[in-house]
Amino acid sequence: MSFFREEFAAQWPAVRVRFGVGVRHDLVAEIKQLDCRRALILTTPEQAHVAEEFAGLCGDYAAGIFTRARMHTPVAISEEAAAYARDIEADCLVAIGGGSTTGLGKAIALRTDLPQIVVPTTYAGSEATAILGQTEDGVKTTLTSAKVQPEVILYDAELVRTLPVPMTVTSALNAIAHAAEGLYAQNRTPLTSLMAVEGMRAFRDALPRVLDNPDDLRARAETLYSAWLCGTVLGQVGMALHHKLCHTLGGGFDLPHAETHAVVLPHAIAYNAVAARDELRPVAELFGHDEPGMALHRFALSVNAPMALDGLGLKESDLDRAADLAAKNPYWNPRPVERDAIRRLLQAAWAGDPPVA
Ligand code: NAD
């Protein structure tokens, strides 16, 4: 199929991307290339040992370590981290981790303008976007700014080998969601569609191999390659119903990020396939079913993904309010967002049923 469009506009940020097993060992060279010499290293508490390893890699180029990155980027922690960066006179940030740690790096960059090197250890894709979600007083807001776009990304498959298998699956489906929604985005370009298809293809082929052997470095590298492609799509185009539903469920009901994406994806795609059948044809073809939503449902089953919002802590009595919230201020979507149809979608996703259009 062709991804030709009669009109489109594309603007790519100047991001340096390096890919390779062991590429983290070139960290000091990358810091020097930015004309920097005092790196602040960031991780979550769970990955504090990785921060220590990176401090060792940086030697004299490590100015400090901050290991309190948290899901949804709480503003209070970002303020503290930015103050610490100023105190130690950091001149660049090195964020090692998933979307939470990348989010902290972006939040510090927003406040200090420091350049960022991101070393992703999940497939969430935040490293490839100029988007920052922050939480304050229980409210999550999102902004887009060139200030938060990371300057350098180092993809090193050795670092995703430790990602637990359940999170490997949900994080991969989180990434596939960026690609699937990218296919029908209003502002898609031929390049984003090509990247979306290749990103999904590579996950389809590599993820089962990772599940067979989570230490398979070649398969892990292929999943990281997929994540880069899918994340780059996320950074280039607008997202629609699927992401709106996940933001609603994450922000309003405190559901976990990647797991929610994994459960909702087949349902949101089935909903939109009615209006975007041609655009979603690659999903149907790649995952082997005429209906793109069913194709993703079967793939999710085959990789033992969580299938029901029920298991993620959402109560059945929450579904009405979730439908109301999701239908309010919808993102642009190929099919009109109708509250009652969304309520049916959520019911199926809650129960773990196959998707309905
Ligand atoms: P995460 O960063 O919250 O990581 C989850 C847990 O897994 C953490 O404890 C982390 O330390 C641990 N972990 C990460 N990689 C590991 C590894 N290789 N081995 C062992 N443990 C590891 O999870 P996530 O799904 O990557 O990120 C979710 C957050 O990112 C959400 O807040 C979401 O909104 C945000 N996000 C933002 C964007 C964007 O463009 N702004 C894109 C995607 C996600």
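Treat the numbers as computed from the prediction; the structure is a model and nothing was measured. (Residues numbered from 1 in each chain as written. Predicted model: local features only at pLDDT ≥ 70, side-chain atom pairs only at ≥ 80, totals over all residues. Heavy atoms only, no water.)

**Student:** Whenever I open this one, the packing of helix 9 (residues 257–273) against helix 11 (residues 292–302) confuses me. Can you help?
**Tutor:** Any two packed helices are characterised by the angle at which their axes cross and by the distance between the axes. Packing of helix 9 against helix 11 brings their axes to within 7 Å, and their N-to-C directions diverge by 165°. Viewed along their axes, helix 9 and helix 11 adopt a mutual orientation that is roughly antiparallel. When you trace helix 9 past helix 11, the crossing you get is right-handed. Across the interface between the two elements, Leu265, Pro266, Ile269, Ala270 and Ala273 of helix 9 pack against Pro292, Gly293, Leu296 and His297 of helix 11. By residue class, the composition of the contact of helix 9 with helix 11 is seven nonpolar, two polar and no charged. (Axes fitted to C-alpha atoms, helices over the stretch in contact; angles between N-to-C directions. Helix = DSSP H or I, 4+ residues; strand = E, 2+ residues; numbered from the N terminus. Parallel < 35°, antiparallel > 145°, perpendicular 65-115°, else oblique. Left-handed = near helix turned anticlockwise from the far one by under 90°. Contact = heavy atoms within 4.5 Å. Nonpolar A, V, L, I, M, F, W, Y, C, P; charged D, E, K, R; others polar.)

**Student:** Any chance you could explain the sheet that holds strand 8 (residues 152–155) here in plain terms?
**Tutor:** Paired through backbone hydrogen bonds, the strands of a sheet run either parallel or antiparallel to each other. The parallel open sheet is built from six strands, whose spatial order is 1-8-5-4-2-3. The open sheet is flanked by strand 1 (16–19) and strand 3 (62–66), the only strands paired with a single partner. Taking the axes of each pair of neighbouring strands and ignoring which way they run, one obtains an average angle of 15° across the sheet. Pairing analysis gives four bridges linking strand 1 to strand 8, with the strands arranged parallel. Across the sheet, residue valine 17 finds its bridge partner in strand 8, namely isoleucine 153. (Pairing = 2+ DSSP bridges.)

**Student:** What am I meant to see in the packing of helix 5 (residues 165–183) against helix 6 (residues 190–212) here?
**Tutor:** Packing of helix 5 against helix 6 brings their axes to within 9 Å, and their N-to-C directions diverge by 160°. Compared by their axis directions, helix 5 and helix 6 come out roughly antiparallel. In this structure, helix 5 meets helix 6 at a crossing whose hand is left-handed. Note on element contacts: helix 6 touches helix 5 through Ser193, Ala196, Val197, Met200, Phe203, Leu207, Val210 and Leu211, opposite Val165, Thr168, Val169, Ala172, Ala175, Ile176, Ala179, Ala180 and Leu183. Residue composition of the contact of helix 5 with helix 6, grouped by class: 15 nonpolar, two polar and no charged.

**Student:** Just to check I follow, could you spell out helix 7 (residues 217–236) for this structure?
**Tutor:** Owing to its 3.6 residues per turn, the α-helix aligns residues three or four sequence positions apart on the same side. For helix 7, built from 20 residues, the straight-helix expectation of 28 Å at 1.5 Å per residue is met to within 8% by its first-to-last C-alpha distance of 29 Å. Here helix 7 lies mainly inside the structure; 15 of its 20 residues are buried. N-cap assignment for helix 7: the residue whose side-chain oxygen lies 3.1 Å from the backbone N of arginine 218 is aspartate 216. (Expected span 1.5 Å × (residues − 1). Buried < 20%, exposed > 50% of the residue type's maximum accessible area, 1.4 Å probe, protein only. Polar contact = N/O pair within 3.5 Å; in protein donor to acceptor, adjacent residues only side chain to side chain.)

**Student:** When you look at the domain arrangement of the protein chain in this model, what are you seeing that I'm missing?
**Tutor:** Put simply, an interface is often sized by how much accessible area is lost when its parts join up. Entries for the protein chain in the domain assignment read domain 1 (23–155) and domain 2 (165–351). Between domain 1 and domain 2, the C-alpha centre-to-centre distance is 26 Å. Taken together, the nine residues of domain 1 in the interface contact 18 residues of domain 2. Carbon and sulfur atoms supply 66% of the area that domain 1 and domain 2 bury against each other, a total of about 1300 Å² over both sides. Broken down residue by residue, the surface that domain 1 buries against domain 2 is led by Tyr123, Ala124 and Tyr155, which jointly contribute 53%. (Domains from an automatic or database assignment. Buried area = accessible area lost by both parts, 1.4 Å probe.)

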